[in-house]
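So the chains spell out like this:
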Protein chains: 4
Amino acid sequence: MFNSFGHIFRVTTWGESHGPALGCTVDGCPPGVAVEEAQLQHWLNKRKPGKTKFETQRREPDAVRILSGVFEGKTTGTPIQLMIENTDQRSKDYGDIAETFRPGHADITYWQKYGIRDYRGGGRSSARETAARVAAGGVAREVLKALAPGLSITGGLVQMGPHKAQRRDWDEVENNPFWTPDAEAAALYADYLDGIRKAHSSVGAAIEVVARGVPVGLGAPVYAKLDTDLAAAMMSINAVKGVEIGEGMAAAALTGEANADEIDMGSDGPVYSSNHAGGILGGISTGQDIVVRFAVKPTSSILTPRRSIRKDGTPTEVVTKGRHDPCVGIRAVPVGEAMMACVILDHLLLDRAQTGGIRGPIGGAS
Amino acid sequence: MFNSFGHIFRVTTWGESHGPALGCTVDGCPPGVAVEEAQLQHWLNKRKPGKTKFETQRREPDAVRILSGVFEGKTTGTPIQLMIENTDQRSKDYGDIAETFRPGHADITYWQKYGIRDYRGGGRSSARETAARVAAGGVAREVLKALAPGLSITGGLVQMGPHKAQRRDWDEVENNPFWTPDAEAAALYADYLDGIRKAHSSVGAAIEVVARGVPVGLGAPVYAKLDTDLAAAMMSINAVKGVEIGEGMAAAALTGEANADEIDMGSDGPVYSSNHAGGILGGISTGQDIVVRFAVKPTSSILTPRRSIRKDGTPTEVVTKGRHDPCVGIRAVPVGEAMMACVILDHLLLDRAQTGGIRGPIGGAS
Amino acid sequence: MFNSFGHIFRVTTWGESHGPALGCTVDGCPPGVAVEEAQLQHWLNKRKPGKTKFETQRREPDAVRILSGVFEGKTTGTPIQLMIENTDQRSKDYGDIAETFRPGHADITYWQKYGIRDYRGGGRSSARETAARVAAGGVAREVLKALAPGLSITGGLVQMGPHKAQRRDWDEVENNPFWTPDAEAAALYADYLDGIRKAHSSVGAAIEVVARGVPVGLGAPVYAKLDTDLAAAMMSINAVKGVEIGEGMAAAALTGEANADEIDMGSDGPVYSSNHAGGILGGISTGQDIVVRFAVKPTSSILTPRRSIRKDGTPTEVVTKGRHDPCVGIRAVPVGEAMMACVILDHLLLDRAQTGGIRGPIGGAS
Amino acid sequence: MFNSFGHIFRVTTWGESHGPALGCTVDGCPPGVAVEEAQLQHWLNKRKPGKTKFETQRREPDAVRILSGVFEGKTTGTPIQLMIENTDQRSKDYGDIAETFRPGHADITYWQKYGIRDYRGGGRSSARETAARVAAGGVAREVLKALAPGLSITGGLVQMGPHKAQRRDWDEVENNPFWTPDAEAAALYADYLDGIRKAHSSVGAAIEVVARGVPVGLGAPVYAKLDTDLAAAMMSINAVKGVEIGEGMAAAALTGEANADEIDMGSDGPVYSSNHAGGILGGISTGQDIVVRFAVKPTSSILTPRRSIRKDGTPTEVVTKGRHDPCVGIRAVPVGEAMMACVILDHLLLDRAQTGGIRGPIGGAS
């Protein structure tokens, strides 16, 4: 249970940063869906480092292989194994890292909990684990194409340090290296991050992921709420410290009048005057856009020395030289999208199980 | 799976607002722990409405009964059934509510998903369900007393509308009706909420729950992270729209230098210069305070009319008269505490399973 | 997880033999299905003791109440709580039982595992727990009526001591107190059990449960096989020591030629020349009858003294006086039926989730 | 959930007979345990075909690789990926098999359920899947060495066709190709199977697996009973049709007097006069030997033609030429042992979680 998520569409990831490979098993996938490695690779490439100067210059081809569960180009309903071999494993002296705990990393908690840790590149706590999620998300997207045509999932950076995106122009995301839906924000991010990068510093970010065309009725009270599972999915991503649905934390400041999403009857069913709820009421999708945001902390891999200790308890200072992402939030965008895809598909399957697609009729629409 | 949470210490809740009773089954509880109804009742009373003018004036005794799993005052290791009978079920005409969807409620999504709903008082979507969580949390607290002496869990309202608590004086929480750790904020809340109440309006809130004395090493990569389970637990509470750990969403604005929690060696093990991480690194507890915040939206039960539709699709207006909580966040405090207690205990048991309490030695301490 | 079974249609039971009540939560039930207490009571009455001289003369009304999840006579999709109050709790001196371990009972293992046990009437290990299963099975049967019309589930005693049923005349089961599908066996059982009863002895039994009209395609490789879940379900019943599907243990003696179920094409799809497989191939239902057998050991509550020990380790002798079932297998029949109903429904829902009812076409049939 | 088993020590298998590879993820493994590929290979070699003339002459090296979760020779507590590449994938014309359903195989049910199947070598339904279980069982054995020293697990063929082993001389199993604990039975099996093999027929078998030195107190009421999980584990193995604990189906024929295991006080705790219960009372281990038997049906791959149909519904005859196991039960021995190891370890971890090793004292022993 420790390394799996999902109820029906269940993903189990495995692998360390510097082991021979990493990957995941995708269980419970509906059969008969066309899935190719190239489709999954598309999303892995979106997450891959080194695309721009704003990302670490490591080179990881992150080539995904389908080892099972797909036959003659289609899913068979049996578990799909997706494997990514690790190639950029520089042979280097890890002696110092092995004995030292980097502040803000899982080094110390892994050590204390397990009494052993694979210190090479962060081992299991490395963000490389998210490559497996992105691959699984690619499978989920193909299944969603078949089961919920018209559904789309798009994410983007809506905050970097002091700069927040003011617009949600989702057509804009392909035009900038931050996948931000605000062209002006993209320019501000670029300048700001250049400074961060040159100072060998780092900065946090907020990512928003929106799913449009989600069927009504996904989710279930009380502990399999759609928002519950989305919160867990996003919080499980490395470095995430907060998750919001719709208004999110800002809901604390609102009055009932300001927060109300009024309901009218449209030609295809209910329509809402606003979407403070982020597309979810009582844990169940309304058919409006599902809007999720999450915040990623700045990586602690910075040039400024930080106080820490060694395994023997003696004090030391930690400075991170070399290649790192000045804003890990950028590469978290496709990860957030992948988690959204997996969770929505999982709930679509759960809903088929329990209700078989029953929908209470409203007016003439059902 | 729909109505359960927890891996080992697993709670399954049941019951509707206006059925004969509601309750929960607590499975996986360690044996031999002294648990009495009076201990659980203490926490249910904290959640009970009608204690002050700032809460709904409904009278629900919320008396909890232990129906199984406790013998001669001690847990036996078998499932504990906790039942609360519903008593304040006014016989009234629900005809109108039955046909109308209240904006911001689960009325419409339940109807669409299931094609049927118990409309009386919100049915399963009512916040009355949280009474069962508080009872389960009471059991968790007693077990934690035995297994993690010194651990304490305290929550309080840290934001109401525009007012934010500036201090974290946790001894203060018993002195004001908002359990806020800031006496000055309490005064501001009181004035502000009086106005909200008289206007038959409502307002959102943010709650912070802090666990002190948590053992090092609880949580596990990658999908049973302590923060993942806390995020799910809090997001599953009615009306919650955002969850934060430590810096939370504010982490998006920080640089690596500002966010670093430096590490020194203390006499009992590592000590940290700050707690931006909220007590969790890599999904595993550091031994620092676990700090969780969540935002509750304002109830949509307000006097101002809101546009909506009936089941037949015709337009209507909804106005909520009568008894309601102007700030449901207040009564969410004991609920958040209960969820924290359940999640921490669950991870303590999980950790016993996998590691048997192995802790990597640091310096002389282990 | 300790007290739950099922993937989607998930049942969690609770309660001890001599506590105030016992019951279960039925989660994941499809909405909109008519369910009444009287329907569930029918099956509880079948299990109730004291109907004939072949059963214990205890009087337990075993009246079931629906406390949640059903509104205006229909399931709502929310958890259904079924409660049965314990009424026949004689106030007696348990002093001796409290200190002594009865051979063949769970007294000693509960004590060793938990360090505490509710010794009154066996506590949680009592077969009274199966009343909750029968109630849950009643719900499953009503749902199956709606989702798989034509499906029927019938069980009967096919062995008692040395006597085995030679026929499977399922119309016969209502005509004898053993629900055996063989009238001649019924006569043999009656004579034999009279002797056992008068000698204050006890005897084992084998029960066969047959499900007819099961849809093709339920079950899934590799660990959610239909037979896997049936085996677990039956083995979880008190006193069960063996489970068989189709040929069962006798398959060890067969050759491939003798065991083959040949396939022909019928007007409605494939038909089989025989059913050695018991209706399951590769873990998935074929559409033939699902045939499950299980053996129940004789109760150890007998008049002949047996050597045992007390909690303090001193030797003692145990003799069970008073009311007991000479053949507990009889009352296990409705329990086996209930488990079959729950497992089949659960797999029907699982199949809806993953395949949405896809069926590979054979000839003209699909 | 479809391809996983275990609660804490959770194994997820993946892979088809003729895909590039198969394997499993072992999650929840305790950290710090020495595990090497060579140790796992030992058990895979025991299962490997072609060792004697009584097995299929296919050559599969079944070399297992550890891809994650082990660092510097020790488990780290993170998921362990075990991969076995498929090498003996003869390029052959599967055209006929693709269109035909072999009687007694999962061909037809997979097709009907999923509408697609990987027909090469049985795909996911192939017994090759059990190689992954044996690898996982190898890990479990190493952990058990550390956590339950003195525990041993041994299996053997106790029935082949008409011949049953009369003795349980477990030291004998290494001396014959059937791992039978009865030297005389071994001779009978050899003669008998020679005839079966030359006739291109096949035969069923029964396997017994015994665990000695199992700690008291493993298992839990009511649905995580040790026998429940053992029954599910064994029934999930390909071709298994029955599972027995202790007396098994024979319990149906016994009286209470004959079935009683009397209890005496020994120097190290309770001792039992017999073991009809197979080491489990009320779902919890007594400390006696755990005795499990299961029956494997004869493979339907035989030379005698059998009637069947094609996908288009037309009749055909199926004859299996070429390499096959005349008694698949032989190679099921290490598989049954592996499942026993996994289940016992899983319950040992579960017991640590809930009770932390509490044991009720008996006499002076605790």
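Cut-offs and rules
Residues numbered from 1 in each chain as written. Chains lettered and ligands numbered in written order. Predicted model: local features only at pLDDT ≥ 70, side-chain atom pairs only at ≥ 80, totals over all residues. Heavy atoms only, no water. UniProt positions renumbered as here; feature names shortened; annotations may be inferred. Buried < 20%, exposed > 50% of the residue type's maximum accessible area, 1.4 Å probe, protein only. Contact = heavy atoms within 4.5 Å. Helix = DSSP H or I, 4+ residues; strand = E, 2+ residues; numbered from the N terminus. Lys, Arg positive; Asp, Glu negative; His and termini not counted. Salt bridge = Lys/Arg side-chain N within 4 Å of Asp/Glu carboxyl O. Pairing = 2+ DSSP bridges. Least-squares fit on C-alpha atoms with pLDDT ≥ 70 in both. Buried area = accessible area lost by both parts, 1.4 Å probe. Polar contact = N/O pair within 3.5 Å; in protein donor to acceptor, adjacent residues only side chain to side chain. Phe/Tyr/Trp six-rings, centres within 6.5 Å; stacked < 30°, edge-to-face > 60°. Axes fitted to C-alpha atoms, helices over the stretch in contact; angles between N-to-C directions. Parallel < 35°, antiparallel > 145°, perpendicular 65-115°, else oblique. Left-handed = near helix turned anticlockwise from the far one by under 90°. pLDDT = per-residue confidence, 0-100.

A.B. asks: Would you mind going over the UniProt feature "binding site: NADP(+)" (unreviewed entry) in chain A in detail, with residue names and values included?
C.D. replies: Residue and element names in this part refer to chain A. Feature annotation in UniProt assigns "binding site: NADP(+)" (unreviewed entry) to the following positions: Arg 47 and Lys 53. Of the residues examined, Arg 47 reaches a relative accessible area of 2% and is grouped as buried. Contact partners of Arg 47, with chain neighbours within four places excluded, come to Asp 62, Ala 127, Arg 128, Thr 130, Ala 131, Val 134, Arg 331, Pro 334 and Val 335. Positionally, Lys 53 belongs in the loop between helix H1 (37-47) and strand S4 (64-68). Classification of Lys 53 as partly exposed rests on a relative accessible area of 45%. When neighbours within four sequence positions are excluded, Lys 53 is seen to be in contact with Asp 194 and Arg 197.

A.B. asks: Describe the side chain of Glu 172 of chain C, with residues and values.
C.D. replies: All names here are of chain C. Topologically, Glu 172 is positioned in the loop between strand S9 (163-164) and helix H5 (183-198). Although Glu 172 is buried, it forms no salt bridge, and the closest oppositely charged side chain is Arg 167 at an N-O distance of 6.5 Å. Not counting the four nearest positions on each side in its chain, Glu 172 is found in contact with Thr 180, Pro 181, Asp 182 and Ala 183.

A.B. asks: Outline the pattern of salt bridges, listing residues and values.
C.D. replies: Per the stated rule, a full pass over the model turns up 88 salt bridges over all chains. Where Arg 307 of chain B meets Asp 264 of chain A, a salt bridge forms, and the shortest distance between an N and an O atom there is 2.8 Å. Note that Arg 307 of chain B is positioned in strand S17 (residues 306-309) and Asp 264 of chain A in strand S12 (residues 263-266), a pairing that runs across two chains. In this structure Arg 307 of chain B comes out as partly exposed when scored by relative accessible area, which is 35%. For the salt bridge of Arg 120 of chain B with Asp 118 of chain B, the shortest nitrogen-to-oxygen distance reads 2.9 Å. Judged by relative accessible area, which is 9%, Asp 118 of chain B ranks as buried.

A.B. asks: Got a sec to walk through the pairing of strand S11 (residues 240-245) of chain C? Specific residues and values, please.
C.D. replies: Of all 6 residues in S11 of chain C, 6 are buried, a share of seventy percent or more. Across 5 bridges, S11 of chain C lies against strand S16 (residues 290-296) of chain C in antiparallel orientation. The partner of Gly 242 of chain C across the bridge, within S16 of chain C, is Ala 295 of chain C. The pairing of S11 of chain C with strand S11 (residues 240-245) of chain D spans 3 bridges and is classified as antiparallel. Note on S11 of chain D: the bridge partner recorded for Val 243 of chain C is Val 243 of chain D.

A.B. asks: Can you break down the relation of the copies chain A and chain B residue by residue, with the values?
C.D. replies: The two copies are related by a screw motion: chain A maps onto chain B through a turn of 180° and a shift of 0.0 Å along the axis, at an RMSD of 0.0 Å. Between the two chains, the operation in question is that of a two-fold axis. An overlap of 100% is found between the interface residues of chain A and their copies at the interface of chain B, pointing to a shared contact surface.

A.B. asks: Please provide a residue-by-residue account of the UniProt feature "binding site: FMN" (unreviewed entry) in chain A, values included.
C.D. replies: The UniProt feature table records "binding site: FMN" (unreviewed entry) at Arg 124, Ser 125, Ser 126, Asn 238, Ala 239, Gly 282, Lys 297, Pro 298, Thr 299, Ser 300, Ser 301 and Arg 323 of chain A. Within the element layout of this structure, Arg 124 of chain A appears in the loop between helix H3 (107-114) and helix H4 (129-147). When neighbours within four sequence positions are excluded, Arg 124 of chain A is seen to be in contact with Asn 3, Thr 13, Trp 14, Gly 15, Glu 16, Tyr 110 and Glu 129 of chain A, Pro 221 and Val 222 of chain B together with Thr 78 and Pro 79 of chain D. Note on placement: Ser 126 of chain A falls in the loop between H3 and H4. A residue is classified by how much of its surface remains accessible, and Ser 126 of chain A, at 13% relative accessible area, is buried.

A.B. asks: Would you mind going over the interface of chain D and chain C in detail, with residue names and values included?
C.D. replies: Contacts between the two partners involve 113 residues from chain D, matched on the other side by 113 residues from chain C. Counting each side, the surface lost to burial between chain D and chain C is near 9000 Å², with a carbon and sulfur contribution of 61%. One can count 8 salt bridges joining chain D with chain C. In this structure, Asp 351 of chain C engages Lys 113 of chain D in a salt bridge whose closest nitrogen and oxygen atoms are separated by 2.7 Å. The biggest single contributor to the side of chain D that touches chain C is helix H3 (residues 107-114) of chain D, with 7 residues.

A.B. asks: Account for the interface of chain A and chain B, with residues named and values stated.
C.D. replies: In this complex, chain A contributes 113 residues to the contact, which on the side of chain B involves 113 residues. For the chain A and chain B pair, buried surface summed over both sides reaches about 9000 Å², with 61% attributable to carbon and sulfur atoms. Joining chain A to chain B, the criterion identifies 8 salt bridges. Across the chain A-chain B interface, the total number found is 54 residue pairs in polar contact (both at pLDDT 80 or more).

A.B. asks: Outline the packing of aromatic side chains, supporting the account with residue identities and numerical values.
C.D. replies: Overall, the coordinates contain 20 aromatic pairs over all chains when judged by the stated rule. When the ring of Phe 54 of chain D is compared with that of Phe 178 of chain D, the centres are 5.0 Å apart and the planes differ by 45°; the resulting orientation is tilted. Placement of the pair is Phe 54 of chain D in the loop between helix H1 (37-47) and strand S4 (64-68) and Phe 178 of chain D in the loop between strand S9 (163-164) and helix H5 (183-198), with a sequence separation of 124 residues. Per residue, the accessibility class of Phe 54 of chain D equals that of Phe 178 of chain D, and both read buried. One aromatic cluster is present, built from ring pairs that chain together Phe 54, Phe 178 and Tyr 189 of chain A.

A.B. asks: Tell me what's going on with the sheet that holds strand S10 (residues 205-212) of chain A, and back it up with residues and numbers.
C.D. replies: The 10 strands are arranged S9(A)-S8(A)-S10(A)-S16(A)-S11(A)-S11(B)-S16(B)-S10(B)-S8(B)-S9(B) in an open sheet whose pairing can be described as antiparallel. Looking at strand neighbours, the two that pair on one side only are strand S9 (163-164) of chain A together with strand S9 (163-164) of chain B, the edges of this open sheet. Contacts from helix H6 (residues 226-235) of chain B reach strand S11 (240-245) of chain A together with strand S11 (240-245) and strand S16 (290-296) of chain B, with the element oriented near 155° to S11 of chain B.

A.B. asks: Quick rundown of the packing of helix H4 (residues 129-147) of chain C against helix H8 (residues 329-355) of chain C? Include the residues and the values.
C.D. replies: Residue and element names in this part refer to chain C. The interhelical angle for the contact between H4 and H8, taken along N-to-C directions, is 45°, at an axis separation of 8 Å. Relative to H8, the element H4 is oriented oblique. Where H4 crosses over H8, the handedness of that crossing is left-handed. Across the interface between the two elements, Thr 130, Arg 133, Val 134, Ala 136, Gly 137, Ala 140, Arg 141, Val 143, Leu 144 and Leu 147 from H4 touch Pro 334, Val 335, Glu 337, Ala 338, Met 339, Ala 341, Cys 342, Ile 344, Leu 345, Leu 348, Leu 349 and Arg 352 from H8.

A.B. asks: Go over the environment of Cys 24 of chain C, please, and point to the residues and values.
C.D. replies: Residue and element names in this part refer to chain C. Relative to the assigned elements, Cys 24 resides in strand S3 (residues 21-27). C-alpha of Cys 24 to C-alpha of Ala 135: the two residues are 111 residues apart in sequence and 8.2 Å apart in space. Contacts of Cys 24, omitting those with residues within four sequence positions, involve Val 11, Thr 12, Thr 13, Trp 14, Ile 80, Gln 81, Leu 82, Ala 132 and Ala 136.

A.B. asks: Run through the relation of the copies chain D and chain C, naming residues and quoting values.
C.D. replies: The operation linking the two copies of the chain is a rotation about an axis combined with a translation along the axis. Rotating chain D by 180° and moving it 0.0 Å along the rotation axis overlays it on chain C with an RMSD of 0.0 Å. Taken together, the interface assignments show that 100% of the residues at the interface of chain D recur at the interface of chain C, consistent with an identical surface on both copies.

A.B. asks: Please set out the sheet that holds strand S7 (residues 80-85) of chain A residue by residue, giving values where relevant.
C.D. replies: Residue and element names in this part refer to chain A. Strand order in the open sheet made by the 5 strands is S1-S2-S3-S7-S4, with antiparallel pairing throughout. Among the strands making up the open sheet, the edge pair consists of strand S1 (4-5) and S4. Examined bridge by bridge, strand S2 (residues 10-15) and strand S3 (residues 21-27) share 6 bridges and lie antiparallel to one another. Paired with Thr 13 across the two strands is Cys 24, which belongs to S3.

A.B. asks: A description of the confidence of the model for chain A should follow, citing residues and the corresponding values.
C.D. replies: Of the residues in chain A, 97% have a pLDDT of 70 or more, and the chain-wide mean is 94. Interface confidence for the predicted complex, expressed as ipTM, amounts to 0.97; the pTM equals 0.98.

A.B. asks: Talk me through unusual backbone geometry; I want residue IDs and the actual numbers.
C.D. replies: Negative phi characterises most residues that are not glycine, and trans characterises most peptide bonds. The omega torsion of the bond from Pro 221 of chain B to Val 222 of chain B falls at -5°, within 30 degrees of zero and hence cis. If you trace the backbone, Val 222 of chain B turns up in the loop between strand S10 (205-212) and H6. Phi is positive for Trp 179 of chain A, close to 50°, though the residue is something other than glycine. Counting through the fold element by element, Trp 179 of chain A comes out in the loop between S9 and helix H5 (183-198). One non-glycine residue with positive phi stands out, namely Asp 62 of chain B, at about 50°. Judged by relative accessible area, Asp 62 of chain B falls into the buried class, the value being 1%.

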